[in-house]
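Below are the chains, spelled out letter by letter.
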Amino acid sequence: MVSINPFPGMNPYLEQRWGDVHAAMITYARDMLQDALPDDLRARMQERVFIESAGEPQRTISPDVHVYEWRPGATPSVRGSDGATTLVEPLVIHVADAEVTQSYLELIDVRSGGHVVTVIELLSPSNKAKGPGRNLYLQKQLETVNARANMVEIDLLRGGEPATLTPPSIVPRSSQSPYHVSVFRGKRPWHREYYAAHLRDPLPTIRIPLRPTDPDVQLNLQELLDLCHRRGRYDDIDYQQPLDPPFGPEDTNWIHDIIREKKLV
């Protein structure tokens, strides 16, 4: 069954499938950009890997694997109030740390030996929550800025702490939106380009900067998201599940109207 995005722009319920959505969007973005790039530039998928402890309390770990094991015959004796001895079987919990992989794109100059021209990031929940994922992300930001490479950050997640190079504090309130794209150009380090992305509007087509001598290439984010939706077969999304964080009353009513209109519940 083909799964068509029921919303004109971002589908906020895709956060239920973000691991799959993230991987698909990075792959499809690479494919869309490849043919548009100059002959000596290539789009390459890269990965960073980190270990996330299942004991960290700030958010749910994915995957979250606990193996429970009984240990018969190795239990202490506990004397009850009546003087009788009661055996207590302990529950031994093996907590496995989770290896997390984050994918992103680099546009590289093949004739220079692989010089990175532009980094393209699609933010994940771990980028916006305290922990090793955010630390590594901020480190990558700093390295990119110091190298005067370009950086494009696509944030389609409403939850968590701001993480892009264009924080809400420098964006006029009238231009702020629940989703956004931040563009840093290495040749103009004191400027930021901000693409607002509102719930009820299609996602923007953005300009991807390359080398100073190259024209920008375009990436249609709505086309990218809709392609991901079709091929991902997200017809199993639970549209009765409450959104976290919630929208305001007007947007919530608008969302529910679409869900009823499209007969998604």
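Note that this is a predicted model, so its numbers are computed, not measured.

## Description of the overall build of the protein
- Tallying secondary structure elements over the protein gives 4 helices and 12 strands in all.
- Across the 265 residues that make up the protein, the buried fraction comes to 43%.
- Taking the contacts inside the protein whose residues are at least 6 apart along the sequence as the reference set, 65% of them involve residues at least 24 apart.

## Notes on the layout of surface pockets
- Taken as a whole, the second largest pocket holds about 250 Å³ of empty space.
- Lining the second largest pocket are 16 residues, and of these Pro-162, Pro-168, Ser-177, Pro-178 and His-180 sit closest to its centre.
- Taken together, the residues of the lining of the second largest pocket sort by class into 7 nonpolar, 5 polar and 4 charged.

## Comments concerning empty space enclosed by the protein
- Considering all chains together, one arrives at 1 cavity of 30 Å³ or more under this definition.
- Roughly 50 Å³ of volume is contained in the largest cavity.
- Lining the largest cavity we find Met-25, Ile-26, Ala-29, Leu-105, Ile-120, Glu-121, Leu-122, Ile-154 and Leu-224.

## Re the nonpolar core
- Core analysis: the biggest nonpolar cluster contains 50 residues, and Ile-154, Leu-156, Ile-206, Ile-208 and Ile-255 have the highest contact counts within it.
- Discounting chain neighbours no more than four positions away, the residues touching Leu-156 are Met-10, Glu-15, Trp-18, Met-25, Leu-122, Tyr-179 and Leu-203.
- In this structure, Val-119, Val-145, Met-151 and Ala-163 belong to the second largest nonpolar core, which totals 9 residues.

## Brief notes about the pattern of salt bridges
- Enumeration according to the criterion identifies 14 salt bridges in this entry.
- The salt bridge partner of Asp-214 is Arg-211, with a shortest N-O separation of 2.5 Å.
- Among the residues examined, Asp-214 registers a relative accessible area of 16% and is labelled buried.
- Here the residues in one salt-bridge network are Arg-185, Arg-188, Glu-193, Arg-207 and Asp-216, joined through shared partners.

## Description of helix H3 (residues 221-232)
- Over its 12 residues, H3 runs 16 Å from end to end, which matches the ideal 16 Å to within 8%, given 1.5 Å per residue.
- Taken together, the buried positions of H3 are Leu-221, Gln-222, Leu-224, Leu-225, Leu-227, Cys-228 and His-229.
- Each element contacted by the buried residues of H3 is listed here: helix H1 (18-34), strand E8 (150-155), strand E9 (179-184), strand E11 (205-208) and strand E12 (217-220).
- If you check the start of H3, you find a side-chain oxygen 3.1 Å away from the backbone N of Gln-222, and it comes from Asn-220.

## Quick word on the environment of Arg-200
- Mapped onto the fold, Arg-200 is located in the loop between strand E10 (193-197) and E11.
- Through-space distance from the C-alpha of Arg-200 to that of Pro-8 is 6.4 Å; in sequence the pair is 192 residues apart.
- Of the polar contacts made by the side chain of Arg-200, one reaches the backbone oxygen of Glu-250; its length is 3.4 Å.

## Overview of the side chain of Asn-5
- Assignment of secondary structure puts Asn-5 in the segment before H1.
- From its side chain, Asn-5 meets the backbone nitrogen of Phe-7 in a polar contact 3.1 Å long.
- Within polar-contact distance, the side chain of Asn-5 engages the backbone oxygen of Gly-9 at 2.9 Å.

## A word on helix H2 (residues 132-146)
- Taking 1.5 Å per residue, 15 residues should reach 21 Å; H2 reaches 21 Å between its end C-alpha atoms and fits that length.
- Buried within H2 we find Gly-133, Arg-134, Tyr-137, Lys-140, Gln-141, Thr-144 and Val-145. Here the buried residues of H2 occupy an arc of 130 degrees about the axis, which is enough to place them on one side. Facing away from the buried side of H2 by more than 90 degrees, the exposed set consists of Leu-142 and Asn-146.
- Phi turns positive one or two residues past the end of H2, at Arg-148, with a value near 60 degrees.

## Let's talk about the pairing of E8
- Counting buried residues along E8, 6 of its 6 residues qualify, which places the element largely inside the surrounding structure.
- Because side chains alternate across E8, one face comprises the buried residues Asn-150, Val-152 and Ile-154, and the other comprises Met-151, Glu-153 and Asp-155, equally buried.
- Note that strand E7 (residues 115-122) and E8 share 5 bridges and pair parallel. When the bridges of E8 are listed, Thr-118 appears paired with Asn-150.
- For the handedness criterion, the β-α-β arrangement of E7, H2 and E8 is classed as right-handed.
- As judged from the 5 bridges shared by E8 and E9, these two strands associate in the antiparallel manner. Considered in E9, the bridge of Glu-153 is made with Ser-182.

## Observations concerning the packing of aromatic side chains
- Per the stated rule, a full pass over the model turns up 2 aromatic pairs.
- Where Phe-7 meets Trp-254, the ring centres are 6.1 Å apart and the plane angle is 45 degrees; that geometry is what we call tilted. Linking Phe-7 in the segment before H1 with Trp-254 in helix H4 (residues 249-261), this pair joins segments that are 247 residues apart in sequence. Comparing Phe-7 with Trp-254, the two get one shared label, buried.
- Over the face of the ring belonging to Phe-247 we find Arg-158, whose NZ or CZ atom lies 3.8 Å from the ring centre.
- Positioned over the ring face of Tyr-28 is Arg-231, at 5.3 Å from the centre of the ring.

Calculation criteria
Residues numbered from 1 in each chain as written. Predicted model: local features only at pLDDT ≥ 70, side-chain atom pairs only at ≥ 80, totals over all residues. Heavy atoms only, no water. Helix = DSSP H or I, 4+ residues; strand = E, 2+ residues; numbered from the N terminus. Buried < 20%, exposed > 50% of the residue type's maximum accessible area, 1.4 Å probe, protein only. Contact = heavy atoms within 4.5 Å. 1 Å grid on protein atoms, 1.4 Å probe; cavity = no way out; pocket = protein on both sides within 12 Å on 5 of 7 lines; lining within 4 Å. Points joined across faces, edges and corners; volume = space filled by probe spheres on them. Nonpolar A, V, L, I, M, F, W, Y, C, P; charged D, E, K, R; others polar. Core = buried A, V, L, I, M, F, W, Y, C linked by side-chain atoms within 4.5 Å. Salt bridge = Lys/Arg side-chain N within 4 Å of Asp/Glu carboxyl O. Expected span 1.5 Å × (residues − 1). Polar contact = N/O pair within 3.5 Å; in protein donor to acceptor, adjacent residues only side chain to side chain. Arc of directions from axis to C-beta. Pairing = 2+ DSSP bridges. Right-handed = clockwise from strand over helix to strand, strands pointing away. Phe/Tyr/Trp six-rings, centres within 6.5 Å; stacked < 30°, edge-to-face > 60°. Lys NZ or Arg CZ within 6 Å of the ring centre and 35° of its normal.

By themselves, these are just geometric observations and shouldn't be taken as functional.
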